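# Observations on the three-dimensional arrangement
Listed here are the chains, written in short residue letters.
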Amino acid sequence: DPGKMTVVAMTGVTALVRGTAVQMERKGVLYPGAKIRDWLRSADIAHISNEVSFVDRCRAPTLQDGTVMCSSPKYIELLKDVGTDVIELTGNHLWDYGWQNLLPTIDTYQQLGWGYFGGGRNLADAIKPYTITVNGNKIAFVGCNWFGSNWATERLAGSAPCGRADPRNLDYIVPTIQQLRKDGYQVIATLQYEEYYRYDTTVNQVRDFRALRDAGAVVVNGSQGHHIQGFDVNADGFIHYGTGNFFFGDQTFSKGTLQTFVDRHVFYGGRYLGTELRSAYIEDLSQPRPMTARERSDLLGILFGVSFFNR
């Protein structure tokens, strides 16, 4: 019964800057999404993790802009075109042009009717989950920035810390997940973790991501993953340690930074059934396109070899 099914499309790193922005200026704002837009538009909920604030007087992009970044407000047309429904705000570059620019960015999201989570106008707003019910399925999004950048405070906008005394502890996000599960939500949790340019995972990464699943999250997404990483699957839920760059394609020094997934998670009758992994390869510094059968087979062979599967 389609009336009982909800599909959530989860993506990796979006930052409409540097090479990606240069190509948007040259070939059109909608160019990066042209070949995979339907993967998001056909989902009931499309997620974008946008790491950069929109700034009215953002300078024209170049390939040498470095790591202090802003996006032109006109670039939001790309996010509209791919059918964005919910924005993740755990990114490391929200404050690159001052925390003040995050506030009108959030205003824009709200005016468009998009939900947001993992960051906010202040600490209380940042750690608050975003909840939505679609086709009878109660879905909750919650996320935090473990790595250490642009954290919200009681008076400043920013990303959500994971813990109280130490933002790298998980004592904000874990109890939130536990309560959401008690309230009947299927929880999608995201972590902006330390960045690893490798397919496999570290001991600490496994420990912290599994802690969120153990708390009750049925999906845990590694939003930091500029380099794609493997999976961790058991009866309690699905962990993707790094979904890869998405609309951020000028990290050309490694094949793993140009490979990406759109994870389409399927919920039915109040249960999480699993995910459909759609794989893409980023070309022209900006544009994900569906992988060929050979590219997909080669990538999955690598990832399954470094992933975890338990009953």
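This section reports on the structure supplied with the text. (Residues numbered from 1 in each chain as written. Predicted model: local features only at pLDDT ≥ 70, side-chain atom pairs only at ≥ 80, totals over all residues. Heavy atoms only, no water.)

## Concerning the environment of Leu112
Rules: Counting from the N terminus, the helices are the DSSP runs of H or I reaching at least four residues and the strands are the DSSP runs of E reaching at least two. Only protein chains enter the accessibility calculation, which uses a 1.4 Å probe. A residue is then buried if its area is under 20% of the maximum for its type, exposed if over 50%, and partly exposed in between. Contacts were defined at the residue level, with two residues in contact if any of their heavy atoms lie within 4.5 Å.
Here Leu112 lies in the loop between α4 (102-111) and β5 (115-117). For Leu112, a relative accessible area of 33% gives the class partly exposed. A C-alpha to C-alpha distance of 8.6 Å links Leu112 and Lys80, two positions 32 residues apart in sequence. In this view, Leu112 contacts Ile76 and Lys80; residues no more than four positions away in its chain are not counted.

## Quick word on the sheet that holds strand β17 (residues 308-309)
How we decide: Should DSSP find at least two bridges between two strands, the strands are regarded as paired. Note on method: axes are straight lines fitted to C-alpha atoms, helices fitted across the in-contact stretch only, with angles between N-to-C directions ranging 0 to 180 degrees.
Reading across from one edge, β7-β8-β10-β11-β13-β12-β17 is the order of the seven strands in this open sheet, with mixed pairing throughout. The two strands at the open ends of the sheet, each matched to only one other strand, are β7 (130-134) and β17. Bridge count between β7 and strand β8 (residues 137-145): five bridges; the pairing is antiparallel. When the sheet's bridge partners are listed, Thr133 is paired in β8 with Lys138. Its contacts with the sheet place helix α7 (residues 203-215) against β10 (186-192), β11 (217-222), β12 (231-234), β13 (237-240) and β17, and it is angled at close to 150 degrees to β11.

Any functional reading would require information beyond the geometric quantities listed.
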